[in-house]
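Structural overview
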Protein chains: 2
Amino acid sequence: MIKIAVLGYGTVGSGVVELIERNNTLLKERAGEEIVIKYILDLRDFPGDPYEDKVVHDFGMILTDPEISILCEVMGGVGAAYRFTKQALEAGKSVCTSNKELVAKHGAELLAIAGRMRCNYMFEASVAGGIPIIRSINSALVADRVEAVTGILNGTTNYILTKMEQEGADYGDALKQAQELGYAERNPEADVEGLDTGRKIAILADMLTGKSVDPDKVATEGITKITTADFAYARAAGMTIKLLARCRVLEDGSAWVMVAPYMLPTEHSLGRVDDVFNGVQITCTMLGEAMFGGKGAGKLPTASAVAADVMDCAMHPGRTVMRAWSDEEAKLTDTAQTESRFFLRVKAGSADTVRKAFAGSVPVTAEREEDEGFFTPAMKEKEFRAICAGLGDVVLNRIRLV
Amino acid sequence: MIKIAVLGYGTVGSGVVELIERNNTLLKERAGEEIVIKYILDLRDFPGDPYEDKVVHDFGMILTDPEISILCEVMGGVGAAYRFTKQALEAGKSVCTSNKELVAKHGAELLAIAGRMRCNYMFEASVAGGIPIIRSINSALVADRVEAVTGILNGTTNYILTKMEQEGADYGDALKQAQELGYAERNPEADVEGLDTGRKIAILADMLTGKSVDPDKVATEGITKITTADFAYARAAGMTIKLLARCRVLEDGSAWVMVAPYMLPTEHSLGRVDDVFNGVQITCTMLGEAMFGGKGAGKLPTASAVAADVMDCAMHPGRTVMRAWSDEEAKLTDTAQTESRFFLRVKAGSADTVRKAFAGSVPVTAEREEDEGFFTPAMKEKEFRAICAGLGDVVLNRIRLV
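Residues numbered from 1 in each chain as written. Chains lettered and ligands numbered in written order. Predicted model: local features only at pLDDT ≥ 70, side-chain atom pairs only at ≥ 80, totals over all residues. Heavy atoms only, no water.

In this section: the relation of the copies chain B and chain A. Superposition of chain B onto chain A requires a rotation of 180 degrees combined with a translation of 0.0 Å along the rotation axis, giving an RMSD of 0.0 Å. Taken together, these values place the two copies in the relation of a two-fold axis. Identified as the residue of chain B closest to the rotation axis by C-alpha distance is Phe292 of chain B, at 2.3 Å. When the interface residues of chain B are mapped onto chain A, 100% of them are again interface residues, pointing to one common binding face. (Least-squares fit on C-alpha atoms with pLDDT ≥ 70 in both. Contact = heavy atoms within 4.5 Å.)

Below you can see the structure in the form of structure tokens.
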């Protein structure tokens, strides 16, 4: 019998408890041993809850209980969660987490402890919820080199952009809808400014580079400046707008990592990943391109990923499953030096100015009187920004093209 | 140092050799030991080949060499491949294969031997090439219950159907194109009649049911009767036609398994999996729906999957990774008893007959004079067939709807 503790009895925590109870027989069959929840750590009490007798408030009880070999850290944050995880790993107990902030910030250190103590720090649920992207990179693609990842990794912003595209809602209304449905928080900043997505791509970039990518240094642009006008031009060009997280490992071992709204063709493999769904496209040396899609959040999809990690720990006693990355900081490429094409929305009547400033730009016709749209040729971001600055308030918005 | 043998030096075999040589450093880093190809078994000689000195003709050499711990069986067929695999596993050597025919036919037996001998029989490459669907079901979804799978699992037929849809090519021309490009064999029967797809869905059905699904009992319909006329109606309805492999586990433990062309909306997650690409959609109790896409065939994508299996064997000495299924035969549901909606193409002028025969059917308008199209309401296949039989030669074609 394998006894585990769940740290944090919120949405994901209660999902993990529900899954492990409901799938008890199946888990026992597959792990060869029964998996039993012994403790649920939370500051609150849960009177009337079927598992209220398992709720404890003192982490020390869990840490010092030799029966506990696996912990699920689903409390979030980088304070207590960090201390508890570190202590547990140092005691040789495996930890499975959905806490992307912690993995992005302290992954290298925690994985190193797990490796030293021959236990596991697992984090499938921290990126793209139930989509097995972490496991695929770690295990399915173990013989291959993953060169690049492009993903829709945040359900909240994807929901907002989908509403804007499909219902013509403006940003504020779409955000309000998302908040009413519980998809967006009252303070939506971490989602809409791309910080959440930045943490997730930092984790994938850690795995791709084998070094530590500081989430705070990821070039990040949110979706708050996207308007219905931009979608009108996107639609006219057979395209859509998505908040993409991108990472590409360059030949010198440095990485280009970026989070920003992009225009992409609707037939792109991420073009019809809509609503709260997530999608991840990877490019490997041998395999070429592959694509994963599914629910990136939600109680049970996330719990499914956490529980798969628990199973991996249960089935690998004394063996570390995840490849660690080093705590050496990865060299990030200056995004100002990267090339891309841009969609440019400018004031009506400024077509000549744009054509002169961006030789080779192509107009996008959306039958609008308020403004005009163009696609620029490929150019360095730095150069693009300089020209835009010269154009002053003629430029209403610009969005990178995939 | 881990020494391996590659059985069969054809397309996949040479891909495996190329990958293991090219990614040598990366594999060593990740496995902790160097992986070296000691033998390549083939009946032919390969004078001038860089690995000609590794080529042997006698399997006995490999079987009796205690240095060899892992074999890649990429020779195909169920004769010698079966004997060699069985002997290797019985000698405690792990086998990694791309041989779907062998896994579909003798998987239960071979997995049981691997389990008993504490070695591995791995077959990621046997279904959907480089897409990690086997590993995902076995490992990423280990805590979840996979209820259903729908996949485009054959690149040849998908290429043909894509050409028919996008270029208006008729079946014969599209097949010829596929043959000229090397996507289809001179005798294309195994692909176009759905047999290859049937073997692959049988393997996934084995995994979903935990029992043995006889590939010869999978209800299979090929694509040879699909015409450009059918695509005209599909297009008019915003749909496309794909050869789908489907499996659903029912509550009584029996399975509904089927291979047939289906009409599905283009915005379906498999609707834009085109050309030689494969796609797999899975439905799980906890995770809900997830989708995987990528290259289902080809030298290096397939080699990437075989090599990932080799790595898993290398990193799990003495431990069996794959869940086995029992040799008890799975109960298959009679497909005549399943319900679906149908697209029906009938002779021009027979609309009244169809409406009378299929109450509640809806016309599909494609501006064609030669024939007319209808979608029927959901009904049992048996009932549908009986009514169609009564209509005689009025019915030109019928295709299930997803």
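The discussion continues.
We now examine the packing of helix H4 (residues 80–90) of chain B against helix H5 (residues 100–116) of chain B. Residues and elements named next belong to chain B. Between H4 and H5, the least distance of the axes is 9 Å, while the angle of their chain directions is 15 degrees. Overall, the two elements H4 and H5 adopt an arrangement that is roughly parallel. As H4 runs across H5, the sense of the crossing is right-handed. Residue-level inspection shows Ala81, Tyr82, Thr85, Lys86, Leu89 and Glu90 of H4 in contact with H5, the latter providing Leu102, His106, Glu109, Leu110, Ile113, Ala114 and Arg116. Residue classes in the contact of H4 with H5 are distributed as seven nonpolar, two polar and four charged. (Axes fitted to C-alpha atoms, helices over the stretch in contact; angles between N-to-C directions. Helix = DSSP H or I, 4+ residues; strand = E, 2+ residues; numbered from the N terminus. Parallel < 35°, antiparallel > 145°, perpendicular 65-115°, else oblique. Left-handed = near helix turned anticlockwise from the far one by under 90°. Nonpolar A, V, L, I, M, F, W, Y, C, P; charged D, E, K, R; others polar.)

A word on the side chain of Asp274 of chain A. Tracing the backbone through its elements, the reader meets Asp274 of chain A in the loop between strand S10 (255–265) and strand S11 (277–284). In this view, Asp274 of chain A contacts Asn158, Thr162, Glu165, Gln166 and Lys242 of chain A; residues no more than four positions away in its chain are not counted.

Here we take up empty space enclosed by the protein. Within this structure, the stated rule accounts for three cavities of 30 Å³ or more. Glu124, Gly130, Ile131, Pro132, Arg135, Pro301, Ser304, Ala305 and Ala308 of chain A together with Ala140, Leu141 and Leu287 of chain B are the residues that line the largest cavity. Ranked by residues supplied to the lining of the largest cavity, first place goes to helix H12 (residues 299–315) of chain A with four residues. Classifying every residue of the lining of the largest cavity by side-chain character gives eight nonpolar, two polar and two charged. (1 Å grid on protein atoms, 1.4 Å probe; cavity = no way out; pocket = protein on both sides within 12 Å on 5 of 7 lines; lining within 4 Å. Points joined across faces, edges and corners; volume = space filled by probe spheres on them.)

Another aspect to go through is the pattern of salt bridges. All names here are of chain A. For the coordinates displayed, the defined rule picks out 58 salt bridges over all chains. The shortest N-O distance in the salt bridge between Lys217 and Glu329 comes to 2.7 Å. Pair noted here: Lys217 is in the loop between helix H10 (195–209) and strand S8 (219–220) and Glu329 is in the loop between H12 and strand S13 (339–340), with a separation of 112 residues, a long-range link. Each of the salt bridges in this network shares a partner with another, and the network as a whole consists of Glu221, Glu381, Arg385, Arg398 and Arg400. (Salt bridge = Lys/Arg side-chain N within 4 Å of Asp/Glu carboxyl O.)

With that out of the way, let us pick up the sheet that holds strand S2 (residues 35–41) of chain B. The sheet built from six strands is open, its strands ordered S3-S2-S1-S4-S5-S6 (chain B) with parallel pairing. Each edge of the sheet is formed by a strand with only one pairing partner; in this case those strands are strand S3 (55–56) and strand S6 (121–122) of chain B. (Pairing = 2+ DSSP bridges.)

All right, on to the sheet that holds strand S2 (residues 35–41) of chain A then. Strand pairing in a sheet takes place through backbone hydrogen bonds and is either antiparallel or parallel in direction. Residues and elements named next belong to chain A. On the basis of which strands lie adjacent, the open sheet formed by six strands has the order S3-S2-S1-S4-S5-S6 and parallel pairing. One side of each edge strand has no neighbouring strand; the edge strands of this open sheet are strand S3 (55–56) and strand S6 (121–122). Relative to strand S5 (residues 94–97), strand S4 (residues 68–73) is paired through four bridges, and the arrangement is parallel. In the strand pairing of S5, Glu73 is matched with Thr97.

Take the confidence of the model for chain A next. Mean pLDDT for chain A: 96, with 100% of residues reaching 70 or above. Across the interface, the model reports ipTM at 0.92; the global pTM reads 0.95. (pLDDT = per-residue confidence, 0-100.)

Glancing now at the pairing of S5 of chain A. Residue and element names in this part refer to chain A. Residues Ser94 and Cys96 line one face of S5 and the alternating positions Val95 and Thr97 line the opposite face, and both faces are buried. Taken together, S4, helix H4 (residues 80–90) and S5 form a β-α-β motif whose crossover is right-handed. Bridging between S5 and S6 involves two bridges; their strand directions are parallel. The residue of S6 that forms the bridge with Cys96 is Met122. This β-α-β element, S5 to helix H5 (residues 100–117) to S6, shows right-handed connectivity. (Buried < 20%, exposed > 50% of the residue type's maximum accessible area, 1.4 Å probe, protein only. Right-handed = clockwise from strand over helix to strand, strands pointing away.)

Right, let's talk about the interface of chain B and chain A for a bit. Taken together, the 40 residues of chain B in the interface contact 40 residues of chain A. Together, the buried faces of chain B and chain A total about 3,600 Å²; carbon and sulfur atoms form 59% of this surface. Considering only the side of chain B, the residues that lose the most area to chain A are Arg30, Ala143 and Met286 of chain B, jointly responsible for 20% of the buried surface there. Viewed at the interface, chain A and chain B are joined by zero salt bridges. Linking chain B with chain A are 17 residue pairs in polar contact (both at pLDDT 80 or more). At the level of elements, helix H1 (11–22), helix H2 (24–31), helix H6 (133–140), strand S12 (288–295) and helix H12 (299–315) of chain B are the ones that each hand at least two residues to the side of chain B that touches chain A. The sheet contact formed by strand S12 (residues 288–295) of chain A and S12 of chain B spans five bridges and is antiparallel. Note that in S12 of chain B the partner of Gly294 of chain A across the bridge is Ala290 of chain B. (Buried area = accessible area lost by both parts, 1.4 Å probe. Polar contact = N/O pair within 3.5 Å; in protein donor to acceptor, adjacent residues only side chain to side chain.)

Our focus in this paragraph is the packing of H1 of chain B against H12 of chain B. Residue and element names in this part refer to chain B. With their axes 8 Å apart at the nearest point, H1 and H12 run at an angle of 65 degrees to one another. Put simply, H1 runs roughly perpendicular to H12. Here H1 and H12 pass one another in a crossing that is right-handed. Side by side, H1 and H12 meet where Thr11, Val12, Ser14, Gly15, Val16, Glu18, Leu19 and Arg22 of the first sit next to Lys299, Leu300, Thr302, Ala303, Ser304, Val306 and Ala307 of the second. Taken together, the residues of the contact of H1 with H12 break down into seven nonpolar, five polar and three charged.

Once that is clear, we can look at the pairing of strand S4 (residues 68–73) of chain B. All names here are of chain B. Burial within S4 is extensive, with five of its six residues counted as buried. Two strands pair when backbone bridges link them, and strand S1 (residues 2–7) and S4 are joined in this way by five bridges, in the parallel orientation. Bridge assignment links Ile4 to a residue of S4, and that residue is Ile70.

Once that is clear, we can look at the packing of aromatic side chains. All names here are of chain A. According to the stated counting rule, one finds 19 aromatic pairs over all chains in the structure shown. For the ring pair Tyr9 and Phe46, a centre distance of 4.8 Å and an interplane angle of 80 degrees mean the geometry is edge-to-face. A residue pair is termed long-range when its members are at least 10 positions apart, and Tyr9 in the loop between strand S1 (2–7) and helix H1 (11–22) and Phe46 in the loop between S2 and S3 qualify at 37 residues. Classification of Tyr9 as buried rests on a relative accessible area of 8%. With a centroid separation of 5.5 Å and 35 degrees between ring planes, the pair formed by Phe358 and Phe384 is classed as tilted. (Phe/Tyr/Trp six-rings, centres within 6.5 Å; stacked < 30°, edge-to-face > 60°.)

This part covers the environment of His316 of chain A. Considering the arrangement of structural elements, one finds His316 of chain A in the loop between H12 and S13. Using a relative accessible area of 7% as the deciding quantity, one classes His316 of chain A as buried. With residues up to four places along the chain from it excluded, the contact list for His316 of chain A reads Asn120 and Val321 of chain A together with His316 and Arg319 of chain B. In terms of polar contacts, His316 of chain A uses its side chain to reach the side chain of His316 of chain B, at 2.8 Å.

Attention now moves to the environment of Ala234 of chain A. Residues and elements named next belong to chain A. Relative to the elements of secondary structure, Ala234 occurs in helix H11 (residues 228–236). The exposure class of Ala234 is buried, given its relative accessible area of 0%. As a C-alpha pair, Ala234 and Thr266 span 32 residues in sequence and 9.3 Å in three-dimensional space. The contact partners of Ala234, leaving out residues within four places of it in the chain, are Met239, Thr240, Ile241 and Met263.

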